[in-house]
Structure formats: C-alpha cells, structure tokens
Amino acid sequence: MRTYLVTGGAGFIGSNYIHYMFRKYKDTIHIINVDKLTYAGNLENLKEVEELDNYTFVKADICDKEAIRKIFAEHDIDRVVHFAAESHVDRSIKDPEVFIRTNVLGTAVMLNCAREAWELPDGSYREGKKFLHVSTDEVYGSLPDDPHAFFYETSPYDPHSPYSASKASSDFLVKAYIDTYKFPANITNCSNNYGPYQFPEKLIPLIINNALQGKKLPVYGDGKNVRDWLYVDDHAKGIDMVQEQGRLGETYNIGGHNEKQNIEIIHIILETLLEMLPQGDPRRELVSENLITYVEDRKGHDRRYAIAPDKIRAEIGWEPETMFKEGIRKTIAWFFEHEEWMKNVTSGAYQKYYQEMYQE
Ligand code: NAD
Ligand code: DAU
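Undergrad: Give me the sheet that holds strand β9 (residues 226-231): which residues, what numbers.
TA: Think of a sheet as strands paired side by side through backbone hydrogen bonds, with each pair either parallel or antiparallel. The strand order β7-β9-β11 describes an open sheet built from three strands, whose pairing is mixed. Because the sheet does not close on itself, it has two edges, and the strands there are β7 (192-194) and β11 (259-261). Averaged over all adjacent pairs, the angle separating strand axes in this sheet is 50 degrees, with direction ignored. Across three bridges, β9 lies against β11 in antiparallel orientation. Bridge pairing in β11 links Val226 to Gln261. Sheet strands touched by helix α7 (residues 232-245): β7 and β9. Its angle to β9, the strand with the most contacts, is close to 75 degrees.

Take a look at the structure:
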C-alpha cells in the first residue's frame, strides 16, 4: 500500500485532494494528513473520511522539525504532497511574517525531513519516493491586458505580494534541492481554484455568502482584474497526474484557460443564484446587482493571470473536465447544502477579520 503524507489537508484544496484520492484509489493508499489547523484548516471538511482505517490525521505545525521527523520515522512515506501554507493575499499584506514562516521555513522543514528519510549513502534516493510542492501562478507576477500573453513554465518569477514572494521563495528552495541534491520533486503552479470547502475570505465564496445575506459585494479597484479559474477537482487530478506521470525535477503549470474579470464573476454568481434559488425562497429578494460596491483597490494588485497549460497537456495528457458554468453551479449547490459549514467558519475570528478588512 502506498503511503502519502499530505500537508495542509484540512484546508480548501488539500481536503478536496484527499477526497479525490480516496475516490480514485480507495483502500489501496494510506493518507496521513498533517495540519496545524489554523483559521483555514477545518476537520469538518474531512468528516466523511475520518473513520477510514487508511486515513490518519496528525495535528502539527510544518515548521516543527521534530514533529515532522517523527511522522517520517513512524511511517514509510512514499509520496509527499505539500499544500500547507498561508494562502490569502490580503492577509499577507496585513501580516507578512506568518507567511514567511509557514511558506518558506515550513517548506524547508518538509524538504529536509523528506531528504533525511529518503536519501541513501551514495546520494541516490530510495525507490519510488516523490515530493510534490503545490504552488501558484502568482509567482510569475502580473500579465498585461493582452489576450495573447500567458504564463509558461519558463516565464520569469516576478512576485508582488508578500504571499506570492513567500511562495516564490518556497519554489526556489524546491528547485535548489532538485539541483543540489537531485531531490525527487516536482512543482505545480496552478491558477485560481474554486469549489466546495473554500474559505469565504476568497472572492467566489465571499460573493456567494454575502449575496445570499443581502450584504455588500466588495469589488477591488475597477473590477477588471483578470483571474483564470479552475474547478478544484481538476487541480487535484492534475497534481496526481504530475506526481505519477511527470518527469522528476520538472515544473508543470495547471490552468484551464478560463480567464474572467472579477466583475464578470460577480455577475455570473448573481445570475446563477437567481436561476437556482427556488421561487418563494426569501433569499431571492436579497440577491441583487445593487449590492455591488466598488472599494479601495488591493495594494500592489496584480492585473491579470492566465496560465498556458500546454506542457501538462502535451506531456501528461491532463485536461480540465469541469467547465465554469457547471463548476459554479456545483459550487453554489454545495454551499446551499452546507449552510451550517458556512455559519461555523464565518463565526468568531472570521467576523473580526471581516470587520477590520472591510470596515463594516
Ligand atoms: P487554505 O488556506 O484553504 O489551506 C491551508 C491549510 O494549511 C489549512 O488547512 C491550514 O490549517 C494549513 N496550515 C497553515 N499553516 C500551517 C502550518 N504552519 N503547519 C501545518 N499546516 C498549516 O489554502 P488552499 O487555498 O487550500 O491552498 C493550498 C495550497 O495551494 C497552498 O500552498 C496555496 O499556495 C496553493 N494554491 C492555492 C490556490 C487557490 O486558488 N486557493 C491556487 C494555486 C495554488
Ligand atoms: O492565482 C492563484 C491564487 O489565487 C492562489 O495562489 C491564492 O492562494 C488564492 O488566494 C488566489 O489569490 P487571489 O488573490 O487571486 O484570490 P482572491 O479570491 O483573494 O481574489 C480574486 C480576485 O478578486 C482578485 O483580483 C482580488 C479580487 N477581490 C477579492 C476579494 C476577496 C475583490 O475584488 N473583492 C474581494 O472582496
């Protein structure tokens, strides 16, 4: 049985990845999920798998070398899939240090512990061991409003926010381990994800949640910044395919050519909510374009992201399966069915963050 060490598996993409992997590989894999459970980590996301014999949860900080070393000592780990990070750009602008600690130091600890457990005296590695570092397209910086400009694996790094700078640093550490120690790793740089379990500080769940409550829909700047949206299961599939079929040492960009301006996204969400809410549902009265409120722009706001997924398609055969219209309906349906989840994650600390962030 192959053993996976997944970091940050209680977060948005990590929990979707764990569900994806159990759907695909069933009881032929063992997943050990190590997560510190920050505000973004939520074990409710994993309720359906927590009783499985082949699933283990370890509450630990990836910066805690002894805790991570212990996991490698107690289990023969075959694959590391490293999601754990501070992930929200706005929070990184307010408080960069925790991003540097978790995203840079935490990645260094993961690399060191994996190398320690996997490297043989002659500098080669134990058969079949692989590390995948989950990263972002934000490391490439910002593209002009030119529909022919894309991020490629060869694009120069040019991060602007403390978040993207910390992810770029972590990517460079992985690249350094590949070059220096021939460490068996891959990096994936993915575009914006959306789907179930996404924390409502991010644009899509924030807009869904606010619209259903008749709260303002904050649009940064002119609303014309472009993001390239990918349904989270397609990202999970891409990570698995890269780890199994990718050439070791290589970077693969993951994105589905689904670029949209933020304001377009908001209009699509409002239209879809009105299509999906049944007649007579009181929330229909609340959902309205009048809620759209232009607010101060994000500092250093990147204008446009767009991934060219040519390499992953050509080498590995990855294609996205869920088109945006279907993905947004699935996402909204999930939020309709998980009102309690939304209530739980938006209470307490999140309310305080929201009030400070949006002065409400
Ligand atoms: P998230 O914020 O939803 O989840 C992060 C998880 O990491 C949480 O469960 C949190 O508890 C855990 N964590 C944070 N600090 C930790 C620490 N010190 N030790 C152990 N666990 C810790 O993030 P996400 O959106 O699921 O993103 C996951 C990864 O994917 C990140 O590395 C992010 O950079 C990358 N990524 C995200 C997107 C996106 O659109 N969300 C796109 C591309 C890449
Ligand atoms: O591109 C991949 C990245 O996508 C990931 O690496 C990050 O972890 C993830 O958070 C995401 O970053 P963004 O900054 O692009 O996502 P966010 O949802 O925060 O914002 C999307 C766009 O919407 C961005 O242009 C800012 C804008 N926005 C966001 C919020 C929260 C608004 O206009 N209003 C808002 O209230």
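Undergrad: Hey, could you go over the side chain of Asn225 for me, with residue numbers and the actual values?
TA: Tracing the backbone through its elements, the reader meets Asn225 in the loop between β8 (217-220) and β9. Asn225 gets classed as buried once you look at its relative accessible area, which sits at 2%. A polar side-chain atom of Asn225 sits 3.4 Å from a polar atom in the side chain of His301. Within polar-contact distance, the side chain of Asn225 engages the backbone oxygen of Asp302 at 2.9 Å. In contact with Asn225, other than residues within four places in its own chain, are Tyr220, Lys260, Gln261, Asn262, His301, Asp302 and Arg303.

Undergrad: Help me get a handle on unusual backbone geometry, residues and values and all.
TA: In this structure, Lys26 takes a positive phi of about 50 degrees despite not being glycine. Inspection of the secondary structure puts Lys26 in the loop between α1 (12-25) and β2 (29-35). The exposure class of Lys26 is exposed, given its relative accessible area of 54%. Its identity as a non-glycine residue notwithstanding, His257 has a phi of 55 degrees, on the positive side. As for its position among the elements, His257 is in the loop between β10 (251-254) and β11.

Undergrad: Explain the sheet that holds strand β5 (residues 130-136) to me, using residue names and the numbers behind them.
TA: As summarised here, the arrangement of the seven strands in space is β3-β2-β1-β4-β5-β6-β10, forming an open sheet in which the pairing is parallel. Looking at the sheet topology across the chains shown, the edges are occupied by β3 (55-59) and β10. Within this sheet the neighbouring strands show an average axis-to-axis angle of 20 degrees, counted without direction. Note: β2 against β3, five bridges, orientation parallel. Bridge pairing in β3 places Asp35 opposite Lys59. Sheet contacts for α1: β1 (2-7), β2, β3 and β4 (79-82); angle to β2, the most-contacted strand, approximately 175 degrees. Along the sheet, helix α5 (residues 162-181) makes contact with β5, β6 (185-190) and β10, crossing β5 at roughly 155 degrees.

Undergrad: I'd love a proper account of the environment of Pro309, names of residues and values included.
TA: Of note, Pro309 is situated in the loop between β12 (292-295) and α9 (310-316). Between the C-alpha atom of Pro309 and that of Phe83, which follows or precedes it by 226 residues, the distance is 20 Å. Filtering out sequence-adjacent residues up to four positions away, Pro309 remains in contact with Asn253, Gly255, His257 and Trp318.

Undergrad: I'd like to hear about the site of ligand 1, residue by residue, with values.
TA: Ile13, Asp35, Ser87, Tyr163 and Lys167 are the nearest of the 28 residues found near ligand 1. Here an oxygen atom of ligand 1 sits 2.5 Å away from a polar atom, N or O, in the side chain of Asp35. Ser87 places a polar side-chain atom, nitrogen or oxygen, 2.7 Å from an oxygen atom of ligand 1. With the chains in place, 97% of the 840 Å² that ligand 1 exposes on its own is no longer accessible. Mapped onto the shell around ligand 1, the elements with two or more residues apiece are α1, β5, α5 and β7. Ranked by residue count, the leading element in the shell around ligand 1 is β5, at three residues. Counted by class, the shell around ligand 1 contains 13 nonpolar, eleven polar and four charged residues.

Undergrad: An account of the site of ligand 2 is requested, with residue identities and associated values reported.
TA: The local shell around ligand 2 holds 23 residues, among which Thr136, Asp137, Tyr163, Arg298 and Tyr358 are the closest. In this structure, an oxygen atom belonging to ligand 2 sits 2.6 Å away from a side-chain N or O atom of Tyr358. If ligand 2 stood free it would expose 690 Å²; the protein chains cover 95% of that surface. In terms of residue count, β8 provides more of the shell around ligand 2 than any other element does, three residues in total.

Undergrad: Describe the pairing of β6, naming the residues involved and giving the relevant values.
TA: Among the six residues that make up β6, six are buried, leaving the element largely enclosed by the rest of the structure. Every second residue of β6 is oriented toward a common face, with Ala185, Ile187 and Asn189 on one face and Asn186, Thr188 and Cys190 on the other, all of them buried. Both β5 and β6 contribute to a ladder of six bridges, which runs parallel. Following the sheet pairing, Thr136 is matched in β6 by Cys190. What joins β5 to β6 is α5, and the crossover it makes is right-handed. Bridge count between β6 and β10: four bridges; the pairing is parallel. Its bridge partner being in β10, Cys190 is matched across the sheet by Ile254.

Procedures and definitions
Residues numbered from 1 in each chain as written. Chains lettered and ligands numbered in written order. Predicted model: local features only at pLDDT ≥ 70, side-chain atom pairs only at ≥ 80, totals over all residues. Heavy atoms only, no water. Pairing = 2+ DSSP bridges. Helix = DSSP H or I, 4+ residues; strand = E, 2+ residues; numbered from the N terminus. Axes fitted to C-alpha atoms, helices over the stretch in contact; angles between N-to-C directions. Contact = heavy atoms within 4.5 Å. Buried < 20%, exposed > 50% of the residue type's maximum accessible area, 1.4 Å probe, protein only. Polar contact = N/O pair within 3.5 Å; in protein donor to acceptor, adjacent residues only side chain to side chain. Near = heavy atom within 4 Å. Areas by Shrake-Rupley, 256 points an atom, 1.4 Å probe, with all protein chains shown as cover. Nonpolar A, V, L, I, M, F, W, Y, C, P; charged D, E, K, R; others polar. Right-handed = clockwise from strand over helix to strand, strands pointing away.

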